[in-house]
Amino acid sequence: MFNLLTKVIVVLTVITTTYSISGCTQKESNSSSIDSAKFANDAHWLEANIIALDSPTNVKQVTLHSTLIDGMEVTTIFRAVKFPARLSEKFPHLSHLNAFESKELPDVKRLLKSKNRVIYTPQGSSQQTTKLQQYGAIDHLYTASFDDADEINDFGASVLPKEVQFKLWAPTAVSVNVLLFDKNKQPLTPAKLAMVEDNKTGTWAIKGPASLISQYYQYQLTLFHPATDQFETVTVTDPYSLSLSRNSKYSQIVDLTSVATKPLGWDSHSIPTVEAPEDLILYETHIKDFSASDTALSNNLFKGKYKAFSETDSFGMIHLAMLKEAGLNTIHLLPTYDLSTINEDPSIAISLDDSMTKVCQQFPELSACLNLETNETLRQKLQSYDPRTGDAQALVEKIRGNDDYNWGYDPFHYTVPEGSYAVDPEGINRIVEFREMVQSLHSKGFRVIMDVVYNHTFASGLAEKSVLDKVVPGYYHRLNIKTGAIEQSTCCDNSATEHAMMAKLMKDSLVVWARDYKIDGFRFDLMGHQPKSAMLESRKAVQQVDSDTYFYGEGWNFGEVGNNAQFVQASQQELSGTEIGTFTDRLRDAIRGGNFQTNAEKLRFDQGIGNGLYVVPNEMQRGNNQQAHYNNSMDIVRLGLAANLKTFSFNDINGQLIAGTNVLYGGNPAGYASDPADTINYVSKHDNQTLWDNHQYRLPFNMTSDDRVRIQSQSLSYALLAQGIPFLHMGSELLRSKAFLRDSYDYGDWFNKVDFSYQTNNYDVGLPPAEKDQDNWPIISKILDKNGNNDDVSPAQIERSANIFADFIRIRTSSALFRLRTAEQINQNVQFMNTGPQHVAGLIVMKINDVNVGDTTKGQLDPNYDSIVVIFNNNATSQKISIPQANKYKLHPVQRNGFDDIVKQTHIADTTVTIPAYTTAVLVR
C-alpha cells in the first residue's frame, strides 16, 4: 500500500518524508466503532487481577462492575498498586497509567463474557464510569501457558478420516452454534450443531459426519458486543475459512489435500529455486491488469482471471516469456486472498467491455445514459471523450463502486483465493484455478510471491463484512488507548498482531499459503505496524514447510505504533540484519524526485537525479540553487547502489570518507541495512504515479520523446544494477502510464490498462480522477500543452524500451558481482569513483571488484570478470570520465550485442571513457 481503498497523507514520526497510504476511509471501511459518547473507554484489563486506568493519583481503588447475560451483577474491588514492571515491558504505551490489583477474583473467564464497566470516584469529584478494553486479560488467561489456545493447530473446519471437526476460538462468547447448508445454501438436517467450549483454551468445538464435506456453514455466536453495548446474536463466516461461496457469505468445508481441489500434476510439479534471496528479481503484477486488455487470449472469459497465466500465445505471456529468458525469476502478485469490494457475480459487476445498457441499469442518472448508441460498450463510451477533459474520470468515479476492479488491500478472509479472479468463484473451483495459475507460473520458471495484508481488516463491529470483530469483539483490532475506537492509521481498521491470537492467525494463514498453495514468499503490507517478533515467528513457521521462502514488505515507521511505542516494530531500522527485506524509500526518492506529499506545481519543481536534478533543470529549477539537494541526492544514490548498508563507506561530495549511517535522508540516517537481503530497491510500484507519469511532471518541456524513453530505461537500471533485491512495477518497461493518476486502487481498467501488445502506454486518456488529483489538473494540462508531442510514444519506442529493460536483467543475472550476499562482500568489493568536489556533475561511477572475502584469489565470485564498472550518465550530453586502466575494459557483451544502439557509442580510450547522454553503460574486465 501503501495500498487499498483511498489515500491519506500520514506524516512519519521520525523522518520528514511523507507517504500516501491507500486504504479505506472511515466511510468506506464498514467500521462500527465503539461508542464513546456516553462513557470513556480508557480502562485496560491487562491480566486477570490487574486493571490500568488513566485516573487521578488520589484514586485508591476502582470497582469492576460486570453484568452477565442473565442479568446477574458482580462487583469486584481493585486497589491501587505500582504498575508492574513486567507489564511496563509488555505494554510500554500504558506504563504511564495507574494500576489497580484485585486479590480475590471470582471466575474471571465468566466475567470476560459480560458487560463490564470500571467505576471510581476521585477525591472531591463525582463518580466516574469507563468502559473496559479486555485484550490483555484475554491473552493472559488463554495464551500465556504452553498448552492453551495459541498451541492449537486445527482451527476451522477440518476433514478427519471419518468425520468433520469444527473449532472456533471465541472465549467471550456465551454460546456458539454451527449453521449447516447444502450446495444451494439451504439448511441441512440438522441445520444447527451446538458447539462445546473448552474452558482452558476458550475454544468451541463439535464434530459432524463426513457427509458434510463440500457443504457450507456459518457460525452463530451469542456474546456481548461493544458496538451496540449489549448482548447480540451474530452470524459470521469462519476466520479460518479455507473455501467460500460466491461473494463469501458462506464458508465451505473442504480438504485441501483432496484430488478435487488440485489441477492435474499439482503434487509433483517442479518449483523453481534460487540459491540466495539476492538472486531474486521481483516483478509486481496485478492479476486483473495483467490480462484485462489482452486481445490475444484463447478465451475472452480469461480476461483478468487466474487462467490468463496458463496461456501460451497471449501478449502478456509472450512478454513474460521474453523477460524470463532474460533472467526475470519471480512474479509478485498483488493481493489475491478473498477481497471485500469486488462483486463476484459477473451479471452485476461492471467490466470495461460491458454494454452501456448494463451500466445505465445501475446508474440511470448518468448523463452518459442519454441517447445511448446501440451496443455501445463502456470502453467505447470512454474512448469517445476528449482526453484533455475530466469526462472520462467522472464516469469512472461514478461507477467504480460497482465495477470489477480493486487492488485488493481490503481483506475479507485471509486464507481463501479471491473469487472475482476465477472464471467460477463458487467453492473449490476458485481453489483449483488459483493452483493452476501457480503451477503454470512455476512451469515457466517463475517463483510466485503473494502480497498479504494482515495489518488491517476492511470491516469491524457488526458490519456485513466484519469477521474477526464479530467472533471476539475488541480483541483482533488495535484500540485507541483513551477512546477504545479502532485505530485507522493504516487506512482502515488496524489489526493487533501484537495480540497472540491475531499473530497466530497470520502465522497459520501464511503456512497454508506456503504448504497448500506452494507460494514461494510473501510481501507484507505496512509491515511496520506489526511486531518484529511476530514476523520472525511467522517466517520460522513457514520455513518449516518451505525452507527457501522470502519475506519482505513495507517497513514504514508511523502511526500509533511509531518509534516502537507499543512494541518493537517490523520496521526498516529494526529488521536490519534479519534478511526480511524492506522497501527503501531512499533510492526511490533520490531517483524519482519529490516525496508523496508534493502536489501541483511542487511536483514539477522537485526533480530527482533520474529526471534532471541540477544537470537538466526544467524551467522551475533554472536559477534556483539546488547544489545542496543535488549533493545529498547523489550520495543517497551511491549508498542505495551499495544496498543501503549502514557500514558501507565512500567519499562523499566533499571528498570526505562517510559511512552509510552518516548520510542523511530527511535528517535521519539513510543507511539502515546490515545485509543486502534487507533491502528492496525500486523506483516504481503500484502506489502513486507510475514512473513514466512521475517523469513527465518533472522533465523539461522541450525534451524529445526518445530522450524521455531513455530516462525511463536509465531509472530502471538503478534498481536492477544495485546491490540488494530489485523490485519492478509491471509495465514500467512499457512506459506504463495511468494518465498521472496517483492512486489507482479502485479506478478500473481504463486508468490501469497495461498493453502487452506494445501499441500504447495509456498516456493522456483523460484527466485523472478529481478525488485524487483535481489540484494537479492545472499543472497536468500545462504539461500536456507545453510538451506538444514530446511525451507521446510509438509502438517502436515501447518495444525498444522493453528490450533494453530485458538487457539490464541479462546483465544483472550475468554476474554474481551484482548480487553480493553479505555486507562484508559489498564493503570490500564495491567502490565509487568520480566523487568529491571536482566530480563530473550528473555522473555516477560504480566499480565492483571480484575479491571473495576471506580469499584474495581473483575470480572466486565471477569466473568471467574480475572487475565491472557501471557508469550512469544522467546528463543531456555525452560525458568523459577518467577510469584507471580504462583500455582493459570492454562494453558488456549484452550491451555490445543488445537493443540499445546509443550505448554502443560508448568510447573507451587508454584512461578515459566517454559515455552518451542518458545512458547506463556497463564495462567489464
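Residues numbered from 1 in each chain as written. Predicted model: local features only at pLDDT ≥ 70, side-chain atom pairs only at ≥ 80, totals over all residues. Heavy atoms only, no water.

1. A few points about the packing of helix H11 (residues 500-516) against helix H12 (residues 532-543)
Consideration 1: As a packed pair, H11 and H12 sit with axes 9 Å apart at the nearest point and diverge in direction by 30°. Put simply, H11 runs roughly parallel to H12. You can see that H11 and H12 cross each other, and the crossing is right-handed. Taken together, the residues of H12 that come into contact with H11 (itself represented by Ala-503, Met-506, Lys-507, Leu-510, Val-511 and Ala-514) are Ala-534, Met-535, Glu-537, Ser-538, Ala-541 and Val-542.
Consideration 2: Among the residues forming the contact of H11 with H12, the class breakdown is 9 nonpolar, 1 polar and 2 charged. (Axes fitted to C-alpha atoms, helices over the stretch in contact; angles between N-to-C directions. Helix = DSSP H or I, 4+ residues; strand = E, 2+ residues; numbered from the N terminus. Parallel < 35°, antiparallel > 145°, perpendicular 65-115°, else oblique. Left-handed = near helix turned anticlockwise from the far one by under 90°. Contact = heavy atoms within 4.5 Å. Nonpolar A, V, L, I, M, F, W, Y, C, P; charged D, E, K, R; others polar.)

2. Some thoughts on unusual backbone geometry
Consideration 1: With an omega of -5°, the peptide bond between Thr-189 and Pro-190 qualifies as cis.
Consideration 2: One can find Pro-190 in strand E13 (residues 187-194).
Consideration 3: Although it is not a glycine, Leu-526 sits at a positive phi angle of roughly 40°.
Consideration 4: You can see Leu-526 is positioned in the loop between strand E26 (521-524) and H12.
Consideration 5: By relative accessible area, which is 1% here, Leu-526 ends up buried.
Consideration 6: In the Ramachandran plot, Asn-563 falls in the positive-phi region, its phi being about 60° despite a non-glycine side chain. (Buried < 20%, exposed > 50% of the residue type's maximum accessible area, 1.4 Å probe, protein only.)

3. Observations regarding the side chain of Thr-237
Consideration 1: Tracing the sequence through the fold places Thr-237 in the loop between strand E17 (230-236) and strand E18 (251-252).
Consideration 2: Among the polar contacts made by the side chain of Thr-237, one reaches the side chain of His-413 at a distance of 2.6 Å.
Consideration 3: Beyond its immediate chain neighbours, meaning those up to four positions away, Thr-237 contacts Tyr-219, Ser-248, Lys-249, Tyr-250, Ser-251, His-413 and Val-467. (Polar contact = N/O pair within 3.5 Å; in protein donor to acceptor, adjacent residues only side chain to side chain.)

4. What to know about the pattern of salt bridges
Consideration 1: Within this structure, the stated rule accounts for 51 salt bridges.
Consideration 2: In this structure, Lys-167 and Asp-154 form a salt bridge, with 3.0 Å as the shortest nitrogen-oxygen distance. Within this pair, whereas Lys-167 is found in strand E11 (residues 163-169), its partner Asp-154 is found in the loop between helix H3 (135-142) and strand E10 (156-159), the two being separated by 13 residues in sequence. (Salt bridge = Lys/Arg side-chain N within 4 Å of Asp/Glu carboxyl O.)

5. Quick look at helix H15 (residues 627-641)
Consideration 1: When the terminal C-alpha atoms of H15 are compared, their 21 Å separation across 15 residues agrees well with the 21 Å that a helix rising 1.5 Å per residue should span.
Consideration 2: With respect to burial, H15 is a largely interior element, 11 of its 15 residues being buried.
Consideration 3: The complete set of buried residues in H15 reads Tyr-630, Asn-631, Ser-633, Met-634, Asp-635, Ile-636, Val-637, Arg-638, Leu-639, Gly-640 and Leu-641.
Consideration 4: At the exit of H15 stands Ala-643, carrying a positive phi of roughly 65°. (Expected span 1.5 Å × (residues − 1).)

6. Description of the sheet that holds strand E41 (residues 912-915)
Consideration 1: Strand order in the open sheet formed by 3 strands is E38-E41-E40, and the pairing between neighbours is antiparallel. At either end of the open sheet lies a strand with only one pairing partner, and these are strand E38 (879-882) and strand E40 (907-908).
Consideration 2: Of the pairings in the sheet, the one linking E38 to E41 comprises 4 bridges and is antiparallel in character. Its bridge partner lying in E41, Lys-880 is registered against Thr-914. (Pairing = 2+ DSSP bridges.)

7. A look at the sheet that holds strand E14 (residues 196-198)
Consideration 1: Reading across the sheet, the 4 strands line up as E10-E11-E15-E14 and stay open at both edges, with antiparallel pairing between neighbours. The strands lining the two open edges of the sheet, one partner per strand, are E10 and E14. Each strand of the sheet is rotated relative to its neighbour by a mean of 30°, with strand direction disregarded.
Consideration 2: Bridging between E10 and E11 involves 4 bridges; their strand directions are antiparallel. By the bridge assignment, Gly-156 is partnered in E11 with Lys-167.

8. Digging into the nonpolar core
The nonpolar side chains of soluble globular proteins are, as a tendency, buried together.
Consideration 1: Counting 225 residues, the largest nonpolar core has Phe-166, Trp-169, Tyr-219, Leu-221, Phe-522 and Phe-524 as its most contacted members.
Consideration 2: Once residues lying within four places of it in the same chain are set aside, the contact partners of Trp-169 are Ile-138, Tyr-142, Ala-149, Phe-155, Thr-201, Gly-202, Thr-203, Val-471, Val-472, Tyr-475, Tyr-476 and Met-501.
Consideration 3: Ranked by size, the runner-up nonpolar core spans 15 residues in total, among them Met-833, Ala-886, Leu-891 and Ile-915. (Core = buried A, V, L, I, M, F, W, Y, C linked by side-chain atoms within 4.5 Å.)

9. A closer look at the packing of aromatic side chains
Consideration 1: Counted under the stated rule, the structure contains 36 aromatic pairs.
Consideration 2: When the centroid spacing of 4.3 Å and the interplanar angle of 10° are considered together, the rings of Tyr-718 and Phe-872 count as stacked. Placement of the pair is Tyr-718 in helix H17 (residues 705-721) and Phe-872 in strand E37 (residues 867-873), with a sequence separation of 154 residues.
Consideration 3: Classification of Tyr-718 by relative accessible area gives buried; the value is 0%.
Consideration 4: Look at Phe-872 and you get buried, because its relative accessible area is 0%.
Consideration 5: An angle of 50° between the planes, with centres 5.6 Å apart, marks the rings of Phe-740 and Tyr-763 as tilted. With Phe-740 in the loop between strand E34 (725-729) and helix H18 (748-752) and Tyr-763 in the loop between H18 and helix H19 (770-773), this pair connects stretches of sequence that are 23 residues apart. Accessibility assignment for this pair places Phe-740 and Tyr-763 in one class, buried.
Consideration 6: Three or more aromatic residues link up through ring pairs in this structure, and these residues are Tyr-337, Tyr-414, Tyr-454, Phe-522, Phe-524 and Phe-551.
Consideration 7: Between the NZ or CZ atom of Arg-435 and the centre of the ring of Tyr-517, over which it lies, the distance is 5.1 Å. (Phe/Tyr/Trp six-rings, centres within 6.5 Å; stacked < 30°, edge-to-face > 60°. Lys NZ or Arg CZ within 6 Å of the ring centre and 35° of its normal.)

So yeah, pure geometry; function would need other evidence.
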